[in-house]
Amino acid sequence: MGCQRRLLGLCLWMYLASLSFIGVGAVYGRGGGEAVKGVVLVHGKSSIGRIDNDFICATLDWWPPQKCDYGKCSWGHASLLNLDLNNKILLNAVKAFSPLKIRLGGTLQDKVIYGTEDNRQPCTPFVWNSNVMFGFTQGCLPMYRWDELNSFFQKAGAKIIFGLNALAGKSIKSGFAVGPWNYTNAESLIRYTVRKKYTIHGWELGNELCGNGIGASVTADQYASDVAALRNIVQNAYRGIFPKPLVIAPGGFFDSNWFKEFVSKSGNTADVITHHIYNLGPGVDDHLTERILDPSYLDGEANTFSSLRSILHSSATSVKSWVGEAGGAYNSGHHLVSDAFVYSFWYLDQLGMSAVYDTRTYCRQSLIGGNYGLLNTSTFTPNPDYYSALLWHRLMGGRVLSTNFYGTKKIRSYAHCAKESKGITILLLNLDNSTTVQVSVYLKFNMLPYHREGEPARREYHLTAPDRNLHSQTMLLNGKILTVNSAGEIPPLEPLYVDSSKPIIVGPLSIVFAHIPNVLLKACS
């Protein structure tokens, strides 16, 4: 096997040596520096993972305007309780995905009560109080606001995952939340939702209470029991209604021993296991950009995906894994990093890597709010990562292909069967600030001749920042600025048509989606 690999590598490098230099223009983000060659090898015999058709997901949180980190308050009116649901850009941004999964939840969800008819407590908003857990008192979701939110979601065509308060009824002792879940208020909300005929894609129990927990933790054994109670509620409340919402848990940071015990004891009571990712460190850190552009640092998160996949594969369950919340840099991110062009390198790499390990859905923190929103918290205009997410959603299909890149270590490569079209889509990220890479595509188990007379052109989408400014909040697609128009409409994402026999030119600090239609891999057929 080792000899075969060495021989394949030698053949690829000989192939590289035979390629001629292709000039590149401003579209590719090239501004001087050297050009090198590389090969992306796509294995097409069988897929190595699957993602949902609506893999892209974003979150809406509960944080009030008073939520501040490091002396800066970045949440504004982005809370589920005060977000302007009449904003045209917001509506169009969500509709563009058709559908976008939206997970409603976050740190304060375990301090939320629901203002249903049988709720005996006052339905009052969160109040800042530095002496209580998470810095805010208990808050309440009034049913009129729940009605407004569902009206918006229906108009926007969103698929909703609602995070329930898992601490109800529990007492907190030395950081441990003990006792069974009091589901009375949650069940009341669920039954209200069913009566109103609101469509919910999934009910998720709790936020960051697994393992060591954030603020408090619940044992795996007790969590499994609480999730079983939620499943019973869903089964009863949705009797005769199909499909029933997914039951989702635990929505926290991966802890191998805790997750292994939870999966073993919960069996198939949960349909989806969710975990959270903030692998870049605190938002105040000045080295975020360095980490994002460091391939070895990006590789680190593969251990989490691999470990969770192993736990699920070795269990006797059909449970799937999602990333339920991922903001990269915790405590609301970092302005001009997590809301700027550079973050698309981290974000798209995460999407690609998680898909390789059979992650079915990836929820970005946040749709709007903090410094890591896909939309600007004040103006609602899309940040660069919004367009990265939308291109992924439209181009990357459900079957994940094994992909290897031969050449510079600064190129990250991923490939999927194309979405709702023929061929494959390759994603290439160039983390180098001065080198242009000419990438030739090498296919295994392609059932069509790769280069043919009159074949359809390759469709390329080159994403760059103006003047290669990584901290710009503007993104260029094939050299043109992406921006909403005066009516708040999302711009069309038009490809560049390129001769399929030519290498893919990946400029310095640029991102390329390349849809190759004239390919028929066994994995995609």
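Residues numbered from 1 in each chain as written. Predicted model: local features only at pLDDT ≥ 70, side-chain atom pairs only at ≥ 80, totals over all residues. Heavy atoms only, no water.

(A) A look at the pattern of salt bridges. If you walk through the whole model with that rule in mind, you get 18 salt bridges. Residue Asp54 pairs with Lys101 through a salt bridge whose shortest N-O separation is 2.8 Å. On the criterion of sequence distance, the pair formed by Asp54 in the loop between β2 (49-50) and β3 (56-60) and Lys101 in strand β4 (residues 101-104) is long-range, its members being 47 residues apart. Taken individually, Asp54 and Lys101 each receive the classification buried, so the pair is uniform in this respect. Here Glu261 and Lys265 are joined by a salt bridge, their closest N and O atoms 2.8 Å apart. Note that Glu261 and Lys265 are positioned in helix α6 (residues 256-266) at a spacing of 4 residues, about one turn of the helix. (Salt bridge = Lys/Arg side-chain N within 4 Å of Asp/Glu carboxyl O. Helix = DSSP H or I, 4+ residues; strand = E, 2+ residues; numbered from the N terminus. Buried < 20%, exposed > 50% of the residue type's maximum accessible area, 1.4 Å probe, protein only.)

(B) Layout of the nonpolar core. Grouped together as the largest cluster of nonpolar side chains are 133 residues, with contacts concentrated most on Trp146, Trp203, Phe345, Trp392 and Phe513. At 9 residues, helix α5 (residues 220-237) tops the list of elements feeding residues into this core. Mapped onto the domain boundaries, this core takes at least three residues apiece from domain 1 (36-48 + 403-524) and domain 2 (52-398). Counting 22 residues, the second-largest nonpolar core is a separate cluster that includes Ile424, Val441, Ile516 and Ala523. (Core = buried A, V, L, I, M, F, W, Y, C linked by side-chain atoms within 4.5 Å. Domains from an automatic or database assignment.)

(C) Focus on the pairing of β4. Burial along β4 is two-sided: Lys101 and Arg103 and Ile102 and Leu104, pointing in opposite directions, are all buried. Relative to β4, β3 runs parallel, the two sharing 4 bridges. Bridging across to β4, Cys57 finds its partner in Lys101. Handedness of the crossover joining β3 and β4 through helix α2 (residues 88-95) is recorded here as right-handed. As defined by bridge partners, β4 adjoins strand β7 (residues 159-164) across 4 bridges and the pair is classed as parallel. Of the residues in β7, the one forming a bridge with Ile102 is Ile160. (Pairing = 2+ DSSP bridges. Right-handed = clockwise from strand over helix to strand, strands pointing away.)

(D) Structural context of a nonpolar patch on the surface. Taken together, the side chains of Tyr70, Val284 and Tyr330 make up a nonpolar region of the molecular surface, amounting to roughly 280 Å² of accessible area. With respect to the element layout, Tyr330 can be found in strand β15 (residues 329-330). A residue is classified by how much of its surface remains accessible, and Tyr330, at 36% relative accessible area, is partly exposed. (Patch = residues over 30% accessible without salt bridge, like charges linked within 9 Å, V, L, I, M, F, W, Y side chains within 5 Å. Areas by Shrake-Rupley, 256 points an atom, 1.4 Å probe, with all protein chains shown as cover.)

(E) Representation of unusual backbone geometry. Cis geometry marks the peptide bond from Ser98 to Pro99; its omega dihedral reads 10 degrees. Counting through the fold element by element, Pro99 comes out in the loop between α2 and β4. Residue Pro243 is reached from Phe242 by a cis peptide bond, and omega for that bond is -10 degrees. Among the structural elements, Pro243 can be located in the loop between α5 and β11 (246-253). At Phe445, a position not held by glycine, the phi torsion is positive, near 65 degrees. Mapped onto the elements of the fold, Phe445 is located in the loop between β20 (436-444) and β21 (458-464). Residue Asp467 is not a glycine yet carries a positive backbone phi of 55 degrees. Checked against the element boundaries, Asp467 lands in the loop between β21 and β22 (476-477).

(F) How the structure looks around the domain arrangement of the protein chain. Partitioning the protein chain into structural domains gives domain 1 (36-48 + 403-524) and domain 2 (52-398). On a C-alpha basis, the centres of domain 1 and domain 2 stand 30 Å from each other. Each partner contributes to the interface: domain 1 provides 39 residues, whereas domain 2 provides 43 residues. Between domain 1 and domain 2, the buried area comes to about 3600 Å², and carbon and sulfur atoms account for 68% of it. Together, Lys419, Gln473 and Ile490 form the three largest contributors to the area buried by domain 1 at its contact with domain 2, with a combined 20%. At the boundary of domain 1 and domain 2, one finds 2 salt bridges. Of the charged contacts, one joins Asp299 and Arg412 as a salt bridge, the two residues approaching to 2.9 Å between their closest N and O atoms. (Contact = heavy atoms within 4.5 Å. Buried area = accessible area lost by both parts, 1.4 Å probe.)

(G) Up close: the state of the cysteines. Per the counting criterion, the structure on display carries 4 disulfides. Covalently, Cys123 is tied to Cys140 through a disulfide, its sulfur atoms 1.9 Å apart. Taking the sign of the torsion about the S-S bond as the criterion, the disulfide between Cys123 and Cys140, at about -90 degrees, is left-handed. A residue pair is termed long-range when its members are at least 10 positions apart, and Cys123 in the loop between β5 (112-115) and β6 (139-142) and Cys140 in strand β6 qualify at 17 residues. For Cys123, a relative accessible area of 37% corresponds to the partly exposed category. With relative accessibility at 3%, the residue Cys140 sits in the buried group. Covalent S-S linkage joins Cys417 and Cys524, the inter-sulfur distance amounting to 2.0 Å. Between Cys417 and Cys524, the disulfide has an S-S torsion of -85 degrees and is therefore left-handed. One end of the pair, Cys417, is in strand β18 (residues 411-418); the other, Cys524, is in the segment after β26 (511-516), and 107 residues separate them in sequence. Cysteine pairing for the protein chain, with bonded cysteines counted in sequence order: 1-6, 2-3, 4-5, 7-8. Cys363 supplies the cysteine sulfur nearest to Cys210, a cysteine that is in no disulfide, at a spacing of 15 Å. (Disulfide = S-S within 2.5 Å.)

(H) Molecular detail of α5. Taking 1.5 Å per residue, 18 residues should reach 26 Å; α5 reaches 26 Å between its end C-alpha atoms and fits that length. Among the residues making up α5, those that are buried are Ala220, Gln222, Tyr223, Ala224, Asp226, Val227, Ala229, Leu230, Ile233, Val234 and Ala237. (Expected span 1.5 Å × (residues − 1).)

(I) How the structure looks around the packing of aromatic side chains. Tallied over the full model, the rule gives 23 aromatic pairs. Geometrically, the ring pair formed by Trp75 and Tyr372 is edge-to-face, given 6.2 Å between the ring centres and 75 degrees between the ring planes. Taken together, the positions of Trp75 in the loop between β3 and α2 and Tyr372 in the loop between β16 (359-364) and α11 (384-395) put the pair 297 residues apart, joining distant regions of the chain. Residue class for Trp75 comes out buried when judged on its relative accessible area of 0%. Given a relative accessible area of 3%, Tyr372 falls into the buried group. Between Tyr223 and Phe262, the aromatic rings sit 5.9 Å apart at their centres with planes inclined by 85 degrees, giving edge-to-face as the arrangement. Of this pair, Tyr223 sits in helix α5 while Phe262 sits in helix α6; the two residues are 39 residues apart in sequence, bridging distant segments of the chain. By the burial criterion, Tyr223 is buried, and Phe262 matches it. (Phe/Tyr/Trp six-rings, centres within 6.5 Å; stacked < 30°, edge-to-face > 60°.)

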